[in-house]
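Architecture at a glance
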Amino acid sequence: MMDFSGGAYGGGKAGGAFDPIGFVMRPTVILRGVCLLFAIIVFGCISSEGWREENGKEYCIINRDTNACNYGVGIGVIAFLASIGFIVGEYFFEQMSSVKTRKHYVLGDLGFSALWTFLYFIGFCYLTNAWGKADDPPNGEGVNNVQASIVFSFFSIFTWAACAYFAYLRFKAGVDPSFSSTYESDPNATTQYSAYPVGGGDSEQFQQAPFGGQQQQQQPAGDFTATTY
């Protein structure tokens, strides 16, 4: 079981060295890879052998229900793209320096994984019910593919549920108080600088002497006193 305690939502501080082996061995990354593989099987099997042509028109061999084929392909393709996106997100998760960004990523992971767990459950029930009412295709063509898509839709319920569970553990772990104090600075915070000390009332004050109020008197050079003879 992966330990999500400490750090920020299960991740350490940004800027650490990247470990490719450790990244590939993460349970979350392994689960995403399994989800990706199952998604390829689901939409690939239906796309390749789920359709037949009759009188110039294509029809779905799953009880001739076009919606059944489109639903299986749709959730499979989106799950495939989402799995790639979440694997890339796992790579950048440790590089996210913002706690809020990590929180939004974890919440998005939790919401999407829970939603796709539900959609795969609906898809499994829908495909199973439609396939049970369908006639056997000519020469049994496409039977294995349809059955494989149904089986892996069932498996995908548990893989996406596991992804949602890991995301919930991350969200529940939150941010370690001892970690958050040095992890992200408040962008609105301003640095306070102490002012220089101001002298008291008895400190020496300097004032420039006024020039306009007083006139400087000097004895003119060469001033001689007159002598009376």
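One can find the structure itself at the top, above this paragraph.
No experiment lies behind these values; they were computed from the predicted model shown. (Residues numbered from 1 in each chain as written. Predicted model: local features only at pLDDT ≥ 70, side-chain atom pairs only at ≥ 80, totals over all residues. Heavy atoms only, no water.)

Side note on the state of the cysteines
- Going through the model one piece at a time under the given rule, you end up with one disulfide.
- The partner cysteine of Cys-60 in its disulfide is Cys-69, sulfur to sulfur 1.8 Å. With the S-S dihedral at roughly 70 degrees, the linkage between Cys-60 and Cys-69 falls on the right-handed side. Cys-69 carries the same exposure label as Cys-60, and that label is buried. (Disulfide = S-S within 2.5 Å. Buried < 20%, exposed > 50% of the residue type's maximum accessible area, 1.4 Å probe, protein only.)

What to know about the side chain of Ser-113
- Relative to the elements of secondary structure, Ser-113 occurs in helix α4 (residues 99-133).
- A distance of 3.3 Å separates a polar atom in the side chain of Ser-113 from a polar atom in the side chain of Arg-32. (Helix = DSSP H or I, 4+ residues; strand = E, 2+ residues; numbered from the N terminus. Polar contact = N/O pair within 3.5 Å; in protein donor to acceptor, adjacent residues only side chain to side chain.)

Some details on the side chain of Arg-26
- Tracing the chain through its elements places Arg-26 in the loop between α1 (20-24) and α2 (27-49).
- Side-chain polar atoms of Arg-26 contact the backbone oxygen of Glu-90, separated by 3.3 Å.

Concerning the pairing of strand β2 (residues 57-60)
- By the bridge criterion, four bridges tie strand β1 (residues 51-54) to β2 in an arrangement that is antiparallel. In the sheet register, Trp-51 faces β2, and the bridge partner there is Cys-60.
- Where β1 folds back onto β2 in an antiparallel hairpin, the turn is made up of two residues, including Asn-55, whose phi is positive at roughly 55 degrees. (Pairing = 2+ DSSP bridges.)

So, helix α5 (residues 143-173)
- With 31 residues, α5 extends 46 Å between its outermost C-alpha atoms, agreeing within 8% with the 45 Å of an ideal straight helix rising 1.5 Å per residue.
- Positive phi appears at Gly-174, one or two residues downstream of α5, with a value of about 65 degrees. (Expected span 1.5 Å × (residues − 1).)

Concerning a nonpolar patch on the surface
- Side chains of Ile-21, Val-24, Met-25 and Ile-30 sit close together on the surface and give an oily, nonpolar patch of about 410 Å² of accessible area.
- Looking at where Ile-21 falls in the secondary structure, it is placed in helix α1. (Patch = residues over 30% accessible without salt bridge, like charges linked within 9 Å, V, L, I, M, F, W, Y side chains within 5 Å. Areas by Shrake-Rupley, 256 points an atom, 1.4 Å probe, with all protein chains shown as cover. Salt bridge = Lys/Arg side-chain N within 4 Å of Asp/Glu carboxyl O.)

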